[in-house]
Amino acid sequence: MPLRKLALVTLIALLLTVAIGWLIGTPAAVAFLFVAAFGIAVWNFARLVRLIAIGESESLLDLVVYRVEAGIAYVFGEKKLLEDFWAGAMHLFFLYGFITLSVGHFELVLREVTAGWVDGGIGFHLLKPTGSFGALVYRLFLLSQDYAAILIVPVSLIALVRRWVHRPVRLSPRSQDAENILWFIVVLYATFFLLNGAEVALGDDYGWYRPWSYWAGYLLFGVSDQWGGVAGSPLFGPAARDTVALWREIGLWSHLLIFFSFLNYLPYSKHLHLIAAFPNIFLRRFTPRGQPQLLDFENSEVFGKSRIEQYSFKTLLDSFACTECARCNDVCPAHLSHKPLKPKKVVHDLKLNLYRNEHALLPWKAAWRAAKRSGAELPPAPEQRPAELITREEIAKERYGFMGQYPTDGQVHVDELWSCTTCAACVEACPVLIESVPVSLIDLRRHLVMMESDFPSELTACFKGMEVQGNPWAIGGDKREEWCAGLDVPLLRDQGGREVEYLFWVGCAGATDDRAKKIQQALVKILKAAQVDFAILGNEERCNGDPARRMGNEYLYLQMVEAVREIFAKYKFKKIVTACPHCYNAFKHDYRQFGMELDVIHHSELIWQLIDHKRIALRATDAPWPLTFHDPCYLGRYNGIYQPPRSALGRIGGVELREMERHGKKSYCCGAGGGRMWMEEHLGERINNERTKQALATGVKTICVACPFCMTMLTDGTKALDLEDEVKVLDLAEVVARQLQA
Ligand code: SF4
Ligand code: SF4
């Protein structure tokens with residue numbers, strides 16, 4: 001319901017309430033207002049459900065018990081928010097304060113509706129069983145109301161002042177919606193004390209269980225009581241009983257009106273997450289993090305997504321569950337480097353696009369469902385619509401908003417969708433487990449690449465390289481063995497059909513990039529020292545296709561997968577070891593979508609195992625060696641591997657690991673993921689330079705990495721800062737190989 005219509009309906013409801021109150025009495029007026037407010041709220045929520053149902057269906061009802069447990073842990077236990085204790089504690093207070101006080105609001109309505117004919121004329125009291133135990137329960141309930149209300153007012157005022165005065169970057173720019181809600185809360189509980197204070201002044205029961213209502217009554221009207229209070233307000237002097245009774249009515253009606261308005265403002269505000277968070281977490285996907293969906297090339301003619309109705313209902317639900325807390329922006333390397341992409345905006349844009357196209361899409365979806373039920377031909381989605389999802393609009397620099405944001409509300413700009421490094425920092429940070437941003441952006445890329453052949457020009461060479469030479473740098477496929485010349489590295493083709501323990505997957509960077517080749521050479525040294533049974537594919541190895549997938553070229557990705565499948569079928573190996581987290585992630589998760597169950601291990605895990613099982617011995621460094629470790633996104637956030645590289649470094653005497661502020665789950669991307677390795681960085685600042693600065697802030701001269709892409713990006717960072725000679729970027733394999741005992 002548009003806001004103007006809502007205002008009109010509200011006005012009519014208010015006029016009717018006044019008329020009913022005048023003609024029949026207060027209980028009937030309260031009952032009418034209650035029914036009207038809930039009726040409008042139900043109508044609004046039903047509209048949201050219809051909007052979300054425009055999305056594609058998705059089966060997300062397996063593992064119900066686990067889903068319920070997760071819902072309880074993340075919503076009622078604030079599991080995610082409590083990772084930051086103070087933020088979590090504050091939110092817990094708001095949540096339970098809201099729940100506690102909501103019970104009080106319903107009790108108030110019940111009491112007013114039944115006043116005069118229940119419980120000796122004072123109305124029905126929820127939570128007030130008879131007897132002394134009942135009285136105690138009710139008093140504890142009143143105590144909870146008093147304390148929750150008195151605490152929530154100053155906390156809301158502090159939150160408001162924080163938004164005006166010392167606003168953190170995360171809460172910028174100012175959100176009118178957030179401030180509206182805080183004002184609602186302040187006024188709601190100011191009127192709570194007006195009502196309760198007047199009731200106490202009029203002789204209502206009070207004691208230790210209504211301390212703040214007592215003080216409100218005493219200060220506003222004066223209370224003559226057993227505590228020794230004096231009649232007459234110390235602020236306003238004595239008040240006639242009728243005057244206090246009038247203030248009680250004003251308190252009652254303003255409190256009820258604000259509460260009911262809040263209820264109906266909820267569906268239009270970010271506080272809708274109070275309702276949507278639980279279903280959103282309950283319906284979370286259990287697919288591997290950041291994994292794009294399979295496409296049906298056989299039966300479909302549409303690849304990727306360019307329109308809102310093509311997204312799953314779950315992605316649309318995400319957009320309504322978003323709390324707009326901006327925690328995702330706060331960790332997004334694209335946002336922090338002043339690029340137009342802000343994950344919060346992407347989530348919000350999907351919702352706005354849905355609203356804008358509501359009148360075109362709702363009738364179409366109804367017709368679509370009817371056709372599906374009857375087996376008739378499905379009607380196509382409307383071509384003409386108020387807002388397309390993807391925009392290429394030229395945005396002049398002077399129109400950039402906060403930290404480089406584009407003014408494209410309700411639409412995703414091509415500059416935004418190509419800025420994503422798919423680092424999943426936004427996924428990790430989200431308190432309501434919204435994990436859809438990187439995949440939603442890959443879906444848009446898929447449409448641009450496969451349906452419109454529209455992508456950054458640099459990618460042409462990259463796609464061609466993968467297609468023709470089997471690697472994105474287009475280096476001749478026959479050069480993939482050059483890195484190991486003279487190292488006596490076993491080749492699978494020379495094993496005579498024997499099954500080897502490990503297929504050592506070198507990866508395209510490792511096989512073709514001069515700096516990354518040294519990582520592979522160091523790893524060979526370690527594997528040989530530990531007498532690991534391994535072999536490489538050599539010139540037979542090809543890119544596994546992951547860069548093509550992240551860049552939206554699923555068609556090419558599929559070709560690469562099939563080529564790798566054929567090569568793997570030729571040889572026998574038990575496991576795969578690789579120094580590239582992108583290859584690791586592809587084999588571990590994505591290849592399963594194609595029926596390939598592969599046992600894969602990252603070199604950091606294997607190195608740690610070899611050290612721990614005493615298959616290699618390390619000597620201490622000659623002098624203390626302070627270094628920092630950069631967590632690769634596809635190793636850490638995508639696969640939860642944080643400890644093995646640290647444990648391995650911890651076994652080298654003299655090595656002193658100094659963590660960066662952003663490390664582990666909160667690590668900052670190097671800027672190469674999502675195919676960004678092959679794209680120019682025209683907008684904002686360079687992400688790799690920022691990460692290099694973060695590493696150097698620890699005071700070290702060695703940055704340890706565990707990914708060849710991170711190696712390139714951070715080495716470039718040291719060059720950009722003119723510190724190439726002073727600061728070394730080394731892979732974990734190189735650090736360990738240097739310290740191998742002879
Ligand atoms: S995946 Fe990374 S780069 Fe992409 S939107 Fe999320 S935080 Fe930003
Ligand atoms: S972190 Fe999650 S809830 Fe917060 S703004 Fe981002 S998407 Fe929304």
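Model, not experiment: these values are computed from the prediction. (Residues numbered from 1 in each chain as written. Chains lettered and ligands numbered in written order. Predicted model: local features only at pLDDT ≥ 70, side-chain atom pairs only at ≥ 80, totals over all residues. Heavy atoms only, no water.)

Undergrad: Account for the overall build of the protein, with residues named and values stated.
TA: Each helix and strand counted, the protein has 28 helices and 10 strands in total. Seen through its C-alpha atoms, the protein measures out along the principal axes to roughly 100 × 70 × 55 Å. Burial analysis of the protein (742 residues in total) assigns 55% to the buried set. Considering only residue pairs separated by 6 or more positions, the protein has 75% of its internal contacts joining residues 24 or more positions apart. About 32400 Å² of surface is accessible on the protein, with carbon and sulfur atoms providing 59% of the total. (Helix = DSSP H or I, 4+ residues; strand = E, 2+ residues; numbered from the N terminus. Buried < 20%, exposed > 50% of the residue type's maximum accessible area, 1.4 Å probe, protein only. Contact = heavy atoms within 4.5 Å. Areas by Shrake-Rupley, 256 points an atom, 1.4 Å probe, with all protein chains shown as cover.)

Undergrad: Outline the site of ligand 2, listing residues and values.
TA: The local shell around ligand 2 consists of Cys 322, Thr 323, Glu 324, Cys 325, Ala 326, Arg 327, Cys 328, Lys 344, Cys 430, Pro 431, Val 432 and Ile 434. Of the residues assigned to the shell around ligand 2, the class counts are 8 nonpolar, 1 polar and 3 charged. (Near = heavy atom within 4 Å. Nonpolar A, V, L, I, M, F, W, Y, C, P; charged D, E, K, R; others polar.)

Undergrad: Can you lay out the confidence of the model for the protein for me, pointing to particular residues and giving the numbers?
TA: Residue-level pLDDT values for the protein average 92, and 96% of them are 70 or greater. Among the scores for the predicted complex, ipTM is 0.99 and pTM is 0.91. (pLDDT = per-residue confidence, 0-100.)

Undergrad: Which residues make up the packing of aromatic side chains, and what are the values?
TA: Taken as a whole and assessed by the stated rule, the structure comprises 40 aromatic pairs. Centroid distance Phe 34 to Phe 106: 6.3 Å. Interplanar angle 90 degrees. Geometry classified as edge-to-face. Here Phe 34, found in helix H2 (residues 26–52), pairs with Phe 106, found in helix H4 (residues 85–114); they are 72 residues apart in sequence, far enough to count as distant. Taking the relative accessible area as the measure of exposure, Phe 34 reaches 24% and is therefore partly exposed. Overall, the relative accessible area of 32% leaves Phe 106 in the partly exposed class. Ring pairs connect the aromatic residues Phe 34, Phe 38, Phe 106, Phe 259 and Phe 260, which therefore count as one cluster. Here the basic side chain of Lys 305 rests over the ring of Tyr 311, its NZ or CZ set 5.8 Å away from the ring centre. In this structure, Lys 365 is placed above the aromatic ring of Trp 368, and the distance from its NZ or CZ to the ring centre is 4.4 Å. (Phe/Tyr/Trp six-rings, centres within 6.5 Å; stacked < 30°, edge-to-face > 60°. Lys NZ or Arg CZ within 6 Å of the ring centre and 35° of its normal.)

Undergrad: Break down the side chain of Asp 443 for me, citing the residues and quoting the values.
TA: In this fold, Asp 443 is placed in helix H17 (residues 437–452). Apart from residues lying up to four places away in sequence, Asp 443 is in contact with Gly 304, Lys 305 and Tyr 311.

Undergrad: How would you sum up the site of ligand 1? Please name residues and give values.
TA: Around ligand 1 lies a shell of 13 residues, among which Cys 332, Cys 420, Cys 423, Ala 424 and Cys 426 are the nearest. When residues of the shell around ligand 1 are traced back to their parent elements, those giving at least two are helix H16 (425–429) and H17. Per-class residue counts for the shell around ligand 1 are 11 nonpolar, 2 polar and no charged.

Undergrad: Hey, could you go over the pattern of salt bridges for me, with residue numbers and the actual values?
TA: One pass over the full model with this rule turns up 49 salt bridges. Between Asp 349 and Lys 345 there is a salt bridge whose closest N-O contact spans 2.7 Å. One end of the pair is Asp 349 and the other is Lys 345, both in helix H13 (residues 343–356) and 4 residues apart, which spans about a single turn. For the residue pair Asp 349 and Lys 345, the accessibility class agrees, reading buried in each case. Between Glu 681 and Arg 686 there is a salt bridge, and its shortest N-O distance comes to 3.9 Å. Given a relative accessible area of 14%, Glu 681 falls into the buried group. Beyond isolated ion pairs, a larger network of salt bridges with shared partners links Arg 111, Glu 112, Glu 199, Asp 204, Arg 210, Arg 248 and Glu 249. (Salt bridge = Lys/Arg side-chain N within 4 Å of Asp/Glu carboxyl O.)

Undergrad: Lay out the sheet that holds strand S4 (residues 534–535) with the relevant residues and their values.
TA: Read across the sheet, 4 strands follow the order S4-S3-S5-S6 without closing on themselves; strand pairing throughout is parallel. Both edges of this open sheet fall to S4 and strand S6 (600–602), since each of them pairs with a single strand only. Two strands pair when backbone bridges link them, and strand S3 (residues 500–505) and strand S5 (residues 573–578) are joined in this way by 5 bridges, in the parallel orientation. Opposite Val 500, over in S5, you have Phe 573 as the bridge partner. Each of S3, S5 and S6 is contacted by helix H23 (residues 581–588), which is oriented at about 155 degrees to S6, the strand it contacts most. (Pairing = 2+ DSSP bridges. Axes fitted to C-alpha atoms, helices over the stretch in contact; angles between N-to-C directions.)

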